[in-house]
Number of protein chains: 2
Amino acid sequence: GFPFKQKETAASSRIYGGVRCDRGGYRKRAVLSKHLVTRKLFEIMESKQTNLCLSADVVSSADLLDLADTLGPLVCAVKTHIDILDDFSPKVVDQLVEIANKHNFLIFEDRKFADIGNTVKSQYAGGAYKISDWSDITNAHSLPGSGIIEGLKAASGGRKDRACLLIAEMSTKNNLANDVYKEATVKMAEEHGDFVIGFICTSKVSKNPQHVHFTPGVKLKPGKDAMGQQYLTPDEVIKNRGCDVIIVGRGITDSANRLQEATAFRNAGWAAYVQRVSS
Amino acid sequence: GFPFKQKETAASSRIYGGVRCDRGGYRKRAVLSKHLVTRKLFEIMESKQTNLCLSADVVSSADLLDLADTLGPLVCAVKTHIDILDDFSPKVVDQLVEIANKHNFLIFEDRKFADIGNTVKSQYAGGAYKISDWSDITNAHSLPGSGIIEGLKAASGGRKDRACLLIAEMSTKNNLANDVYKEATVKMAEEHGDFVIGFICTSKVSKNPQHVHFTPGVKLKPGKDAMGQQYLTPDEVIKNRGCDVIIVGRGITDSANRLQEATAFRNAGWAAYVQRVSS
């Protein structure tokens, strides 16, 4: 089972590495964090009072930019799948970066790198998408071993404003990321704190307050899709499972009123956070 | 340990599912196989006497097409990372398909899909690359569970000339694909024989003669790179570990005489196969 699935007690959550800290408090963790991207993310979350990351899974560039501009004020990050855009051009990412600056959110390309170091190096910096040029955060599977982190780091060319999340757990039915896998992933993150800032997970997996926990598969009601995706609520993810950021895609993008839905998710996520840190 | 790491005895290798077959013989397995892509691949291998798959990891389209055209006669498949091409255009894949037809090899886009079903569906058929339009074979991690296969299958729109390999093992140092992971992957393949035709692996993982085993990380001498890749020889892979196809990248592409090196790999891989099936 997951050791952190139940809400932590105040006492257990405030000591890490001998340091007393409110691990649930985004602002205190911003101060604690060594990585520029972690600090920036936590500061955005506190100043905008949001732990919502929009998963902008749309296939048209105009739709992507419109979503980012309309919902930008409500989110701490916009997650992209740049490789599903039917009409990609380098101009799209330039415009997305402008919108991100305007509304103060981070861009997270959900590439799920999953190859050997030498290959991901080219995939991250090169090709048509040049992800490392415009994406503050990307993510990678720990499956290939730490060479994948070395490859991505090499491609980022030492930029301090680029960071990576490791996928420690998946939200899909019958996925193969078990406890052993998760623990090896957390260890890998600890060993690469200059580039890995946290996790994609369904529950808090690390006690290190510098680690950010992003959780996908979030809807206002629990459920599943036809291809194995399983949904949790903002309250469950933030309050009970101790994660930091809720990633919401179809719960918002499939809605007739995206602004209203995004507001509902933002409010639910933030309320759950406030309850967690006040308890 | 791996049950098939040692060379199999003739007796053990010739019975599968009650059917007597020479499991090492590509031609017999072509006849046995239900999937069109498997049959086509085994037939190409026998008729061209090659179990070499070129990993064309180059960043220029001209270089990719030149490699495919020059080495095409020597290989059963060309493996691409279409997303590392700095000058990709849809014309490149059209030309690659023409060259594949001319020299009778399959195209294998090494995308390593690794997301939930709903996402890989868009990644496989859509975006800038439209992989399902031109790639006979692609591959996926089993990590997200069988939803990933459902997503890819849905994107292929029921085409019989599209197939997928699951990554059962990786060639990198300290990778997290252990025996439990491998066994779950093989089970997933068995359950999706209409789309999954085999594995990326470092040793034979399935006794099903319809399953094709592709092994990356092959050089003429054992060794490693600076980012965790570990190399095996063609002889070790084909003769001792019972795999079917050797995937060779830098061993050929980094050579001053690519044609000569590719010929050496082709001859070594084929000699190992002939020895295996004659013993």
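Residues numbered from 1 in each chain as written. Chains lettered and ligands numbered in written order. Predicted model: local features only at pLDDT ≥ 70, side-chain atom pairs only at ≥ 80, totals over all residues. Heavy atoms only, no water.

Student: How do you make sense of the interface of chain B and chain A when you look at a structure like this?
Tutor: Accessible area lost during the coming together of the parts is what is often quoted as the interface size. Taken together, the contact between chain B and chain A spans 46 residues of the former and 46 residues of the latter. Of the roughly 3,700 Å² buried between chain B and chain A, counting both surfaces, carbon and sulfur atoms make up 60%. Per-residue buried area on chain B facing chain A is highest for B:L143, B:L176 and B:M227; these three make up 21% of the total on that side. Inspection of the chain B/chain A interface yields 6 salt bridges. Here B:R111 makes a salt bridge to A:D83, at a shortest N to O gap of 2.9 Å. In this structure, the connection of chain B to chain A is made through 16 residue pairs in polar contact (both at pLDDT 80 or more). Elements supplying a minimum of two residues to the side of chain B that touches chain A: β5 (106-113), α6 (117-125), α8 (147-156) and α9 (179-191) of chain B. The dominant element in the side of chain B that touches chain A, judged by the number of residues it contributes, is α6(B), at 6 residues. Residues that form the side of chain B that touches chain A fall into these classes: 16 nonpolar, 18 polar and 12 charged. (Contact = heavy atoms within 4.5 Å. Buried area = accessible area lost by both parts, 1.4 Å probe. Salt bridge = Lys/Arg side-chain N within 4 Å of Asp/Glu carboxyl O. Polar contact = N/O pair within 3.5 Å; in protein donor to acceptor, adjacent residues only side chain to side chain. Helix = DSSP H or I, 4+ residues; strand = E, 2+ residues; numbered from the N terminus. Nonpolar A, V, L, I, M, F, W, Y, C, P; charged D, E, K, R; others polar.)

Student: Just to check I follow, could you spell out the packing of helix α4 (residues 61-71) of chain A against helix α12 (residues 258-278) of chain A for this structure?
Tutor: When two helices pack together, their arrangement is captured by the angle between the axes and the distance separating the axes. Residues and elements named next belong to chain A. Remark: α4 packs on α12, axes separated minimally by 10 Å, with the N-to-C direction vectors making an angle of 50 degrees. By the criterion of interaxial angle, the relationship of α4 to α12 is oblique. Seen from above, α4 lies across α12 with right-handed handedness. For the pair α4 and α12, the contacting residues are D63, L67, T70 and L71 in the first and R258, L259 and A262 in the second. Residue composition of the contact of α4 with α12, grouped by class: 4 nonpolar, 1 polar and 2 charged. (Axes fitted to C-alpha atoms, helices over the stretch in contact; angles between N-to-C directions. Parallel < 35°, antiparallel > 145°, perpendicular 65-115°, else oblique. Left-handed = near helix turned anticlockwise from the far one by under 90°.)

Student: Just checking my understanding: could you explain the packing of aromatic side chains for this structure?
Tutor: Evaluation of the coordinates by the stated rule reveals 17 aromatic pairs over all chains. For the ring pair A:Y26 and A:Y273, a centre distance of 3.8 Å and an interplane angle of 10 degrees mean the geometry is stacked. Here A:Y26, found in helix α2 (residues 26-32), pairs with A:Y273, found in helix α12; they are 247 residues apart in sequence, far enough to count as distant. The buried category is assigned to A:Y26, whose relative accessible area is 0%. When the centroid spacing of 4.7 Å and the interplanar angle of 50 degrees are considered together, the rings of B:W270 and B:Y273 count as tilted. With B:W270 and B:Y273 both in helix α12 (residues 258-278) and 3 residues apart, this pair spans about one turn of that helix. (Phe/Tyr/Trp six-rings, centres within 6.5 Å; stacked < 30°, edge-to-face > 60°. Buried < 20%, exposed > 50% of the residue type's maximum accessible area, 1.4 Å probe, protein only.)

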